Amino acid sequence: MVTISKKKFKQQFETKMYSLYAQSINEASNEQLLNVLCSVIKDIIAKRWIETKISCQKEVYYFCIEFLMGRQLKSNLLNLDLEKTIREGLKDLGISLDDLIEEEVDPALGNGGLGRLAACFLDSMASLDISGHGYGIRYKYGLFEQKFVNGYQVEVPDNWLTQGNYIWETVRPNKAVVVKFEGDVELIDDNKRLRVVHKNYIPVMAMPYDIPIIGYENDSINTLRLFKSDIVRRDFGPTSSNAKNYSGSYDDALKYKYYAEEISQVLYPNDSNYAGRLLRLKQEYFFVSAGIQDIIRKFKKHKSNILDLPKSVAIHINDTHPTLCIPELMRILLDEEGLSWDEAWDITKNTISYTNHTIMAEAMEKWPAEMMKKLLPRIYMIVEEIDRRYKNYLNEKYSGDINKVNHMSIINCENISMAHLCIMGSHSVNGVANLHTEILKNEVLKDFYDDEPEKFNNKTNGIAHRRWLLSCNPKLADLITELIGSEWKRDTLKLEELEKYKDDIDVLRKLDEIKTDNKKILANHIKEKYDIDINPNSIYDVQIKRLHAYKRQLLNVFHILHLYHELLENPNFDIEPRTFIFGAKAAPGYHLAKSIIKFINSVAYKINNDERVKDKLKVVFVENYSVSLAEIIIPAADVSEQISTTTKEASGTSNMKFMMNGAITIATLDGANVEIHEQVGNENIILFGLSAKQVLDYNKYGGYSALDLYKSNMYIKRVVDDLINGFIPNIEKEGREIYDSLITYNDEYFVLRDMENYIEAQQKINKLYKEKEKWNSISLVNIANSGIFSSDRTISEYAKDIWFKGCEINGEYNKL
Ligand code: 26W
């Protein structure tokens, strides 16, 4: 493991300050101090980073259109075991490490679950000594910054690269590659060998920016390589005469510059709705082609026989956004390596694996064939050929069952189904929680499962416990270590040893003190930012995730309104003081979601300004929810709201983070909540709501009337009417829109159907909190059983069952 003494660190810090800024330490701003510190850390790890790169293990390449990394300084210091040395060294120089940690930008290069999972996976791959690297896009603007104006969400561009560069990145111009768009493809018969010539294409340069991914207390430093798009400059080397020539006029040159730079300009702020925009398809091909070219270049430098690619390389497609890895790898193998179709197809299938993250029909990517044909003519030809062969196979197997063949084909009704291409072009398809995988196998992807059952497998998501416990909740981590030693940091299943303290009053008291401390930290933050006083002795009840109808923030706010009414009617109503905390961004084009934000903010405003309930109820909607905010909120939570419509949340990962930090979960049996329930048993989780089967049956056979329920249940009616009767001021339009979604359009997400049951479940929470010792004991049982949700477990499973399956040289992964 790399290390440095305090003395040497201080010397290096001073020298770096002079060389970068030519000034003394006491003149420097925090921003400059942070830059200097990061630069010193990069120097410390540089040699190790290079060495990791030339390891001879099988390499895993994780393609994902988003990586939601969070701040890196603290987690890098943790993983390098340097926090203490550097804290003290800086202190000697009169600098506070905490100030510098706070100074770091939190890059929002992802929307939510998908991107954050990718970040946790990188952490685990490095920590498990797996040579696994990420490929993605270096967006100039990340996910918009959210502001509330009169309770409405307003989106502000996220200009995160204010200084032009990101402190952790290293640009590698010598590794840039060209990605080709548009143009014409000619097939030339060259002495009986078909040669493919791509003419008149628009060349776009993919410039790699590398970020080191440091393993936990080991020697691995992997790489997250993000590509920035740019014009191909004349000095880049010989440009092919087949490329379109833009040097003609000033106008053309400007157009070209815009075309190239636009590709990595901004992250699409959508996390469930497929929009079908040309620019998005450009983004997808851009990073996929750059990544695959990079892999092949690297492979050929060290190994000779391209037929051996699957032995040395595993390529993982994270959701369908990088699907074009399949035809792009085919293109290189066919056109550049001169392999036959069958050889190329074997290699491609054996190299590539795919994860599905959602069953929501509206999220399924389907690209218009015409669009792909024009933008990526050679890729389209290959997709057509894959489809033609697949249809032949299906026709033969299902003897002309036209419906089935059409349903399963890749190109259908002029649209290309990316999920279908992923399934048939890869050797493994996995869901992200048991229930999700079962729904894929038995409902959404049933035909594909019946066709190739051995391909399908489950990999329940996980979280990087280093960030989500060790780093964000140090007091809890220390208590755990004091009780059971420190092995749990490497092997989280050891957390189970905590369970023996579930009746130990001393331990439970300590746990309670830590939670209260964390709650005070959050209270201070909320006071400072929003000037709202919250009571650290109240129940902190938290729902933080993207705003989506299926996640049912509405159910939560209806319950709040219910309590409010009960309190107004009866000031002696039995209620433990509660603070409801929301954090959520809505996709800018998602009208209903934005209306729900306005509704929640309006309810919050009304309740927080009502003296009558002042000591009992508070509602806080934090602005601009982000990874760094989650790191303050999660350790302070008492209640974890995981209340999606059953079947809709593929897994969820905040549910695991809360559990690991001792919150008690109120949940539907959806996604990974099912597995949390299996871990802790009935007594240690509060469940409610429809079962998966009930939801699937309602969807298939009908039989639910939201209107009937509304009419017959006075509690439901009372809160639904609040949307339209003026009780909550200034929500005329939004209230009506939400009301219609429930009553006129029959409540697609069963909010009203689950409401009574949810209120009962919430009463259980209220009652339980009065027995503080019991509460703390449940909290401890949750922490003790959360070890299985470390992403180290998830990644070990990916390694064993997918990436290194049957790999002799990597036999050691069987031990993971
Ligand atoms: C094309 C638009 C689009 C964009 C993003 C469609 C779908 C996505 C993502 C796949 C949505 C997503 O983030 N899904 C979430 O993935 C998490 C990690 O597996 C799960 O925990 C969440 O349950 C799932 O909603």
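Residues numbered from 1 in each chain as written. Predicted model: local features only at pLDDT ≥ 70, side-chain atom pairs only at ≥ 80, totals over all residues. Heavy atoms only, no water.

In this section: unusual backbone geometry. Even without glycine at this site, Glu182 takes up a positive phi of about 55°. Assignment of secondary structure puts Glu182 in the loop between strand E6 (177–181) and strand E7 (184–190). The backbone of Cys413 shows a phi angle near 50°, a positive value even though the residue is not glycine. Secondary-structure assignment places Cys413 in the loop between strand E14 (411–412) and strand E15 (415–417). (Helix = DSSP H or I, 4+ residues; strand = E, 2+ residues; numbered from the N terminus.)

Below, the discussion takes up the nonpolar core. By size, the foremost hydrophobic cluster in this structure holds 155 residues, and its most contacted members are Phe13, Leu37, Phe63, Leu73, Phe181, Met372 and Trp803. Judged by nonpolar contacts, the second largest core, of 72 residues, contains Tyr550, Ile575, Leu723 and Ala761. (Core = buried A, V, L, I, M, F, W, Y, C linked by side-chain atoms within 4.5 Å. Buried < 20%, exposed > 50% of the residue type's maximum accessible area, 1.4 Å probe, protein only.)

Attention now moves to the packing of aromatic side chains. Enumeration according to the criterion identifies 24 aromatic pairs in this entry. Between the aromatic rings of Phe63 and Tyr135, the centroid separation amounts to 5.0 Å while the plane-to-plane angle is 40°, which identifies the pairing as tilted. In this pair, Phe63 sits in strand E1 (residues 59–63) while Tyr135 sits in strand E2 (residues 132–137), placing the two residues 72 residues apart along the sequence. Taken individually, Phe63 and Tyr135 each receive the classification buried, so the pair is uniform in this respect. Feature note: the residues Tyr61, Phe63, Tyr135, Phe227 and Phe287 constitute an aromatic cluster, connected by ring pairs. If you follow Lys519 out to its NZ or CZ, it ends over the ring of Tyr540, 4.9 Å from the centre. Over the face of the ring belonging to Trp468 we find Lys657, whose NZ or CZ atom lies 4.4 Å from the ring centre. (Phe/Tyr/Trp six-rings, centres within 6.5 Å; stacked < 30°, edge-to-face > 60°. Lys NZ or Arg CZ within 6 Å of the ring centre and 35° of its normal.)

Counting all residues, the mean pLDDT for the protein chain is 96, and 98% of those residues have values of 70 or more. Overall, residues 809–816 carries pLDDT values under 50, and its contacts beyond four positions in sequence, including any with other chains, amount to 16 contacts. (pLDDT = per-residue confidence, 0-100. Contact = heavy atoms within 4.5 Å.)

Here the focus is the environment of Ala692. By secondary structure assignment, the location of Ala692 is in helix H26 (residues 692–701). Counting along the chain gives 47 residues from Ala692 to Thr645, while the straight-line C-alpha distance between them is 8.8 Å.

Next up on the list: the state of the cysteines. A full pass over the atoms with the stated rule returns zero disulfides. Not part of a disulfide, Cys64 finds its nearest cysteine sulfur in Cys325, a span of 11 Å. Taking relative accessible area as the criterion, Cys64 reaches 0% and is therefore assigned buried. Lacking any disulfide linkage, Cys120 is separated from the closest cysteine sulfur, that of Cys472, by 11 Å. (Disulfide = S-S within 2.5 Å.)

As a structural note, the neighbourhood of the ligand is formed by 19 residues, with His357, Asn461, Glu649, Ser651 and Gly652 the closest of them. Contacts to the ligand include Glu649, whose side-chain N or O atom sits 2.6 Å from an oxygen atom. Across the complex, the protein chains shield 95% of the 570 Å² of accessible surface that the ligand would expose by itself. Here the shell around the ligand is composed, by residue class, of seven nonpolar, nine polar and three charged. (Near = heavy atom within 4 Å. Polar contact = N/O pair within 3.5 Å; in protein donor to acceptor, adjacent residues only side chain to side chain. Areas by Shrake-Rupley, 256 points an atom, 1.4 Å probe, with all protein chains shown as cover. Nonpolar A, V, L, I, M, F, W, Y, C, P; charged D, E, K, R; others polar.)

Once that is clear, we can look at the environment of Ala549. For Ala549, the location among the structural elements is in the loop between strand E18 (539–544) and helix H21 (553–569). For Ala549 and Lys42, which are 507 residues apart along the polypeptide, the C-alpha to C-alpha distance reads 43 Å. If we ignore the near neighbours within four places in the chain, the residues touching Ala549 are Tyr590, Leu592 and Tyr749.

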